[in-house]
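Fold and geometry: a report
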Protein chains: 2
Amino acid sequence: MTEQTAPTTAAGEPATARGEQTRQLIVDTAMRLFRERGYARTTMRAIAQEAGVAVGNAYYYFGSKEHLIQEFYARSQVEHRAAAEPVLHREDDFAARLAGVLHAGIDVLTPSHSFAASFFKTAAEPTSPLSPFSAESSGPRQAAIGLFAEVLDGSTARVDPELRPHLPELLWLAYMGVVLYWVYDRSPGQARTRKLIDGAVPLVDRLVGLSRLRVLRPVTRQVLDLIRTLRH
Amino acid sequence: MTEQTAPTTAAGEPATARGEQTRQLIVDTAMRLFRERGYARTTMRAIAQEAGVAVGNAYYYFGSKEHLIQEFYARSQVEHRAAAEPVLHREDDFAARLAGVLHAGIDVLTPSHSFAASFFKTAAEPTSPLSPFSAESSGPRQAAIGLFAEVLDGSTARVDPELRPHLPELLWLAYMGVVLYWVYDRSPGQARTRKLIDGAVPLVDRLVGLSRLRVLRPVTRQVLDLIRTLRH
DNA sequence: GACACAAGTTGAACACGTTCAAGAAGGGCG
DNA sequence: CGCCCTTCTTGAACGTGTTCAACTTGTGTC
């Protein structure tokens with residue numbers, strides 16, 4: 001409770017066209033440098049210099065270096081949705097839709113694997129507004145959960161009615177797990193993460209199907225009760 | 001690959017009694033200040049000053065501020081084992097043993113909850129030697145996995161023979177999940193984490209039991225295959 | 001056009017983690 | 001004791017993220 005310097009200033013959106021332009025310039029420069037040199041080796045001074053502004057100016061738009069990461073999240077989320085569109089349009093099988101959306105997410109992240117690890121570090125901080133569980137990330141998180149709601153809604157899958165409302169969030173949580181594995185994945189091209197998706201999706205599919213069986217009802221109940229307890 | 005300044009110098013053990021004494025002095029001071037002010041607000045200068053040594057001296061024993069955290073891990077691991085001893089001696093039911101060991105782990109960590117969050121941040125960095133999955137953490141990790149092997153071995157549980165050799169590591173992984181939840185747990189006294197343990201243990205117990213059923217053999221196989229694929 | 005106020009911009013200054021060249025302490029050996 | 005070598009210790013200096021008081025630019029109002 002007594003901990004953390006966690007940047008608080010949300011550093012409001014620019015109010016003028018000039019401001020918006022500068023903001024974009026800084027973001028674009030930062031993203032380029034992150035990709036070129038990695039997060040740790042990209043200094044705020046370098047970003048400012050390459051963008052042709054003063055250091056303090058960057059802090060006018062972004063409360064901290066970490067806040068630049070949030071921009072990365074937002075962009076990735078939008079790209080993810082776009083990349084998932086074709087599969088969601090084409091397939092109606094639950095497993096196929098889920099696998100498609102998961103692969104789309106990793107597709108979008110792959111070019112950033114080298115520096116995404118550093119991002120992850122700050123994202124993992126529970127008190128950080130950058131945490132995927134934080135209030136500040138509520139927007140992107142809800143969007144992401146919505147994506148998995150779509151996976152479910154557009155599918156022919158039959159799901160236990162008690163489980164159904166919780167499933168999108170659970171799938172998102174599973175996706176967070178996949179991303180966690182991906183961040184740690186040192187195999188070439190993160191091939192193992194692909195195998196994780198292909199291996200885990202059928203299991204999830206089977207599990208979701210089994211949830212309707214009378215025999216497993218008590219277990220399903222037990223799981224749901226636990227989830228409800230753990231929710232905020 | 002091109003990323004990260006990750007501290008490399010293992011900063012060898014002291015070779016003399018004088019060195020050992022100084023090292024202990026620095027660790028003790030650091031742990032006290034971490035507890036008092038939190039990790040972020042404890043500066044290396046403050047640690048050095050309170051310990052009555054020069055800043056550079058701390059760096060002679062610890063490659064970085066983060067390396068002081070590793071000391072915390074090591075201590076916690078030893079305490080965990082000690083705290084788990086009574087339960088392991090008393091119980092022979094798998095679920096009771098598992099719950100006991102998990103609760104013991106959280107018992108040990110609880111006094112440090114306020115600043116453990118900051119620790120977690122650096123631990124989460126995949127390239128960091130402080131990561132629980134890193135080579136440098138191999139020692140404490142193996143010790144922890146060994147603890148869960150003991151949970152299993154000393155129990156009357158009957159387990160699918162194919163699953164059995166993998167189970168200690170899987171239980172450790174589950175424990176990491178519990179710790180992850182605990183770090184994020186903002187409920188008073190982290191009561192929710194306790195409920196997570198009490199709720200999840202029976203499920204794990206049931207699942208482990210079910211793994212022997214003929215009907216579920218294919219699923220068990222599928223899971224094991226996936227695990228093998230994902231292993232290094 | 002002149003004024004006022006908000007929006008945007010600047011760069012020097014600060015605190016921090018970390019490095020390193022220089023030196024002090026200690027101990028074994030003649 | 002005098003010498004040498006390892007171990008330990010020092011604190012000034014560097015690069016970094018971040019702050020902030022001062023300044024400049026833009027925009028609406030009369």
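First, a word on what this report is: a plain description of the structure on this page. (Residues numbered from 1 in each chain as written. Chains lettered and ligands numbered in written order. Predicted model: local features only at pLDDT ≥ 70, side-chain atom pairs only at ≥ 80, totals over all residues. Heavy atoms only, no water.)

1. Topic: the interface of chain B and chain A
- Taken together, the contact between chain B and chain A spans 45 residues of the former and 46 residues of the latter.
- Of the roughly 4000 Å² buried between chain B and chain A on both sides combined, carbon and sulfur atoms contribute 58%.
- Along the contact surface separating chain B from chain A lie zero salt bridges.
- On inspection of chain B and its partner chain A, the count reaches six residue pairs in polar contact (both at pLDDT 80 or more).
- Secondary-structure elements contributing two or more residues to the side of chain B that touches chain A are α6 (113-124), α8 (167-184), α9 (191-210) and α10 (217-230) of chain B.
- Partitioned by chemical class, the residues of the side of chain B that touches chain A number 21 nonpolar, 13 polar and eleven charged. (Contact = heavy atoms within 4.5 Å. Buried area = accessible area lost by both parts, 1.4 Å probe. Salt bridge = Lys/Arg side-chain N within 4 Å of Asp/Glu carboxyl O. Polar contact = N/O pair within 3.5 Å; in protein donor to acceptor, adjacent residues only side chain to side chain. Helix = DSSP H or I, 4+ residues; strand = E, 2+ residues; numbered from the N terminus. Nonpolar A, V, L, I, M, F, W, Y, C, P; charged D, E, K, R; others polar.)

2. Re the side chain of A:His166
- When you line up the elements, A:His166 lands in the loop between α7 (138-153) and α8 (167-184).
- A:His166 has contacts with A:Leu224, A:Ile227, A:Arg228 and A:Arg231, leaving out every residue within four places of it along the chain.

3. Some details on the side chain of A:Thr220
All names here are of chain A.
- Note on placement: Thr220 falls in helix α10 (residues 217-230).
- On the basis of relative accessibility, which here comes to 11%, the residue Thr220 falls in the buried class.
- Ignoring any residue separated from it by four or fewer positions in sequence, one finds Thr220 in contact with Asp160 and Ser211. (Buried < 20%, exposed > 50% of the residue type's maximum accessible area, 1.4 Å probe, protein only.)

4. Description of the protein's contact with DNA strand D
- Around DNA strand D, the surrounding shell holds 24 residues, and the nearest of these are A:Arg45, A:Tyr59, A:Lys65, B:Ala54 and B:Tyr61.
- Sugar plus phosphate: this is where 62% of the atoms of DNA strand D within 4 Å of the protein reside.
- Between a phosphate oxygen of DNA strand D and a side-chain N or O atom of B:Tyr60, the distance comes to 3.0 Å.
- Separating a phosphate oxygen of DNA strand D from a side-chain N or O atom of B:Tyr61 is a distance of 2.8 Å.
- Only α2 (44-51) and α3 (55-61) of chain A together with α1 (17-37) and α3 (55-61) of chain B provide two or more residues apiece to the surface near DNA strand D.
- When residues in the surface near DNA strand D are grouped by element, the largest group, four residues, is from α3(B).
- Of the residues assigned to the surface near DNA strand D, the class counts are nine nonpolar, ten polar and five charged. (Near = heavy atom within 4 Å.)

5. Notes on the pattern of salt bridges
All names here are of chain A.
- Within the structure shown, the criterion is met by 26 salt bridges over all chains.
- The closest approach of N and O atoms between Arg194 and Asp107, which form a salt bridge, is 2.7 Å. Here Arg194 is found in helix α9 (residues 191-210), whereas its partner Asp107 is found in helix α5 (residues 94-109), with 87 residues between them in sequence.
- Exposure remark for Arg194: the relative accessible area of 22% places this residue in the partly exposed category.
- Residue Asp107 is classed as partly exposed on the basis of its relative accessible area, which comes to 43%.

6. Remarks on the packing of helix α7 (residues 138-153) of chain B against α8(B)
Residues and elements named next belong to chain B.
- Two numbers describe how α7 lies on α8: the axes approach to 8 Å, and their chain directions differ by 115°. If you check the angle between α7 and α8, you find them roughly perpendicular. You can see that α7 and α8 cross each other, and the crossing is right-handed. Contacts between α7 and α8 involve Arg141, Ala144, Ile145, Phe148, Ala149 and Leu152 on the former and, on the latter, Leu167, Pro168, Glu169, Leu171, Trp172 and Tyr175.
- Considering only residue class, the contact of α7 with α8 consists of ten nonpolar, no polar and two charged. (Axes fitted to C-alpha atoms, helices over the stretch in contact; angles between N-to-C directions. Parallel < 35°, antiparallel > 145°, perpendicular 65-115°, else oblique. Left-handed = near helix turned anticlockwise from the far one by under 90°.)

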